[in-house]
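Here is how the chains run, residue by residue.
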Amino acid sequence: MKLPYAESYKIKMVEPIRKSTETERKTWIKDARYNLFNLKSEQVFVDLLTDSGTGAMSDRQWSAMMLGDESYAGASSYFKLKEAIRDLLGFEYFLPTHQGRAAENVLFSVLVKEGDVIPGNAHFDTTKGHIEFRKATAVDCTINDAFETTKDHPFKGNVDLQKLKTVLKDTPRDKIPFIILTITCNSSGGQPVSMENIKAVSKLAKDHNIPLLFDSARFAENAYFIKIREEGYEDKSIREIVKEIFSHADAMTMSSKKDAIVNMGGFIGFRSEDLFKKASVYNILFEGYITYGGMSGRDMNALAQGLYEGTEFAYLESRVGQVAYLGQLLLEYGVPVQFPFGGHAIFVDAIRFLPQVPKEQYIAQTLAVELYIEAGVRGVEIGTLLADRDPITRENRFPKMELLRLAIPRRTYTNNHIAYVAAALKNVYDRRDKITEGLRIMNEAPIMRHFTVELEKAE
Ligand code: F0G
C-alpha cells in the first residue's frame, strides 16, 4: 500500500479556539456589516481568511528569535537573512521591508511612473493598488484557461505569450518599466506558473530589454508544482528549482508571511547594485534603515530559518496535500471548486454555487457570509468587491470569476478542521436554493475597498 503523506512536524504548543452558536454568529456578522474582516478573531472557529502571517512557527524559528540582534545598523540578524537569501534564492542584494506590499511600495517608487503599463499574470490586489496609485496600468495577460474553473490545466498561472506580445507591440518601450510574474498566482486560484512559461516570458523580456520581476510570496509552492507536474523536474530538488526560477529574475518582491512561514516580514531581492541603491533611499524613507527595514532582528532571524523550512520537500508535500484534501472532500460533495487545486487555498466557484444571486449583489461575499453563519468558518471574497472600481470611470469592475477563497494557514489546522470546513460548506450547498438575496454596499473606501467596506442585505 502506498503510504499517504503525513505532516513533517508534530505539535508542541496549542491555542484554544471556541465554537459559537448560529444565533451569535448572525448577530456578529450583521454588526460587522457583513464584512468578515470586521469580525473579532474570537468570533471565528476556523479562520481561513488568509494564509498570510497566520502560520505556526517551528521550535527552530522560535529559538532563532532569542538570538535576534536588535542593533540599528549592521545587525548579525541582517547578515543571517542576507546569507539565506543569497544561498536559497541567488540574490546578492536585498532590502528588508515590513511586509510584501511595503516591498512593492519601495521598489515601485523607483520604477513606476504615471502612464506606465505593467503586464503580468493576474497581479495581486496590493500590486495592482501600488501600480494604479501611481496612475499606471496593470495589464493581465493570464491564459484564458485560468478563468474556467472546471478546466484541467497544470499551470493555470501561466502568461498567455500572445497577449503579452500584443502589449509589448502596442506600448512604447519606455512605458513598460517591467513585466511581473506572480508565483503562484494568487488571484487566479493559487495556480502555479510552469518553468517553460517562466523561460518564455524571460526570453521575451530580454528580447525587448525589459526587466522581469517576480512577486514571490508563494515561490516554494510554485517550485513544488513544477517538481510534481513538469516534465524534466521530477528528480530536481525544490531548492534547485527555486534557484532556476529566480535565475530569470532581475528583482523580486517577497511577502515573507507566506512561504517563509513568519507572522510578519518582507523583502526585495535585486540583481543590480544600482537599482538596490536607488531603492535604498525609499527604504530608509518608508521602512527603516537598510539593515532592518521595518523588521526587528529577531524577526529577521526567524525569517532566515523559515526560508529553509519552507523550501523542504516533505513540508511542501504535506502543505499542498492538506489543501488538496479540502479540495477533494468538496469535489466529493459536489461543491464547485477551481480545478486543479491551488497551492495555498481552495477557491469555490460562487457563480456556479449561487447562480440565482445577481452579480451586482456580490455573489462570493454572499457565500462567504453564509459559510460563516453556518459554522463560524471565515473565508474571503475574491470577486467584485476585491476587483474594486475602475479608477477612471468609477464603475464596478465585474471580474470573470466570483470566488470564495478558503486559504489554509501553514502548519496550523489538522485534517479534522479541514473535514469540518468541508461539511459546513456542504450544508450551505444543500440549502443553496434558499439563498436568493445578496448584499448591497453602504460605505466603501476609494481604493482597496474590500478591507473596510460596509454592507447590508439587498432586499
Ligand atoms: N503578493 C501576493 C501574491 C500576495 O498574495 C500578497 C498578500 C502580497 C503580494 C502582499 O503581501 O500582505 O505581506 O503585504 N496576500 C495576502 C493574502 C494578503 O491574503 O493573499 P503583504
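Residues numbered from 1 in each chain as written. Predicted model: local features only at pLDDT ≥ 70, side-chain atom pairs only at ≥ 80, totals over all residues. Heavy atoms only, no water.

### Quick look at helix α3 (residues 76-89)
With 14 residues, α3 extends 19 Å from end C-alpha to end C-alpha; this agrees with the ideal 20 Å at 1.5 Å per step. Residues of α3 that are buried sit in contact with β2 (93-97), α8 (219-229), α9 (238-246), β7 (251-255), β8 (266-270) and α11 (297-310). Looking one or two residues beyond α3, the residue adopting positive phi is G90, at roughly 85°. (Helix = DSSP H or I, 4+ residues; strand = E, 2+ residues; numbered from the N terminus. Expected span 1.5 Å × (residues − 1). Contact = heavy atoms within 4.5 Å.)

### Here we look at the nonpolar core
Core analysis: the largest hydrophobic core is formed by 58 residues, its most contacted members being L89, F214, F219, I245, F246, F267 and L307. In terms of domain composition, this core takes at least three residues from each of domain 1 (22-51 + 312-457) and domain 2 (59-309). Beyond its immediate stretch of four places on either side in the chain, F246 contacts L89, F91, I183, F214, S216, F219, M252 and R271. Formed by 51 residues, the second largest nonpolar core is a distinct cluster that contains L326, A375, L385 and L406. (Core = buried A, V, L, I, M, F, W, Y, C linked by side-chain atoms within 4.5 Å. Buried < 20%, exposed > 50% of the residue type's maximum accessible area, 1.4 Å probe, protein only. Domains from an automatic or database assignment.)

### Some words on the packing of aromatic side chains
When we look at a pair of aromatic rings, we describe it by the centre distance and by the angle of the planes. Summed over the entire model, instances satisfying the criterion amount to 18 aromatic pairs. Grouped by ring-pair contacts, the aromatic residues Y78, F79, F94 and F267 constitute a single cluster. One Lys or Arg, R411, reaches over the ring of Y315 and ends 5.9 Å from the middle of that ring. (Phe/Tyr/Trp six-rings, centres within 6.5 Å; stacked < 30°, edge-to-face > 60°. Lys NZ or Arg CZ within 6 Å of the ring centre and 35° of its normal.)

### Regarding the site of the ligand
Every one of the 16 residues lining the ligand counts as a neighbour, but T50, R101, S255, K258 and R405 are closest to it. D215 places a polar side-chain atom, nitrogen or oxygen, 2.7 Å from a nitrogen atom of the ligand. Measuring from an oxygen atom of the ligand, one finds a side-chain N or O atom of R405 at 2.7 Å. Starting from 470 Å² of accessible surface for the ligand in isolation, the protein chains cover 93%. Broken down by class, the residue content of the shell around the ligand amounts to one nonpolar, eight polar and seven charged. (Near = heavy atom within 4 Å. Polar contact = N/O pair within 3.5 Å; in protein donor to acceptor, adjacent residues only side chain to side chain. Areas by Shrake-Rupley, 256 points an atom, 1.4 Å probe, with all protein chains shown as cover. Nonpolar A, V, L, I, M, F, W, Y, C, P; charged D, E, K, R; others polar.)

### Concerning helix α7 (residues 195-207)
Between its first and last C-alpha atoms α7 spans 18 Å; for 13 residues at 1.5 Å apiece the expected length is 18 Å, and the two agree. Of the positions making up α7, those classed as buried are M195, N197, I198, V201, S202, L204 and A205. Lining the buried residues of α7 we find α6 (161-170), β5 (179-182), β6 (212-215), α8 and α9. Just past α7, the residue N209 takes up positive phi, approximately 55°.

### Regarding the domain arrangement of the protein chain
Per the domain assignment, the segments of the protein chain are domain 1 (22-51 + 312-457) and domain 2 (59-309). One C-alpha centre belongs to domain 1, the other to domain 2, and the line joining them spans 26 Å. Listed as interface residues are 33 residues of domain 1 and, on the opposing side, 38 residues of domain 2. Our count for the contact surface shared by domain 1 and domain 2 stands at six salt bridges. Among the ionic pairs, R410 bridges to E221, the shortest N-O distance being 3.0 Å. Between the two partners, domain 1 and domain 2, sit 19 residue pairs in polar contact (both at pLDDT 80 or more). Looking at the side of domain 1 that touches domain 2, the elements that each hand over two or more residues are α12 (313-332), β9 (345-349) and β12 (403-407). The leading source of residues in the side of domain 1 that touches domain 2 is α12, at six residues. Split into classes, the residues belonging to the side of domain 1 that touches domain 2 amount to 17 nonpolar, five polar and 11 charged. (Salt bridge = Lys/Arg side-chain N within 4 Å of Asp/Glu carboxyl O.)

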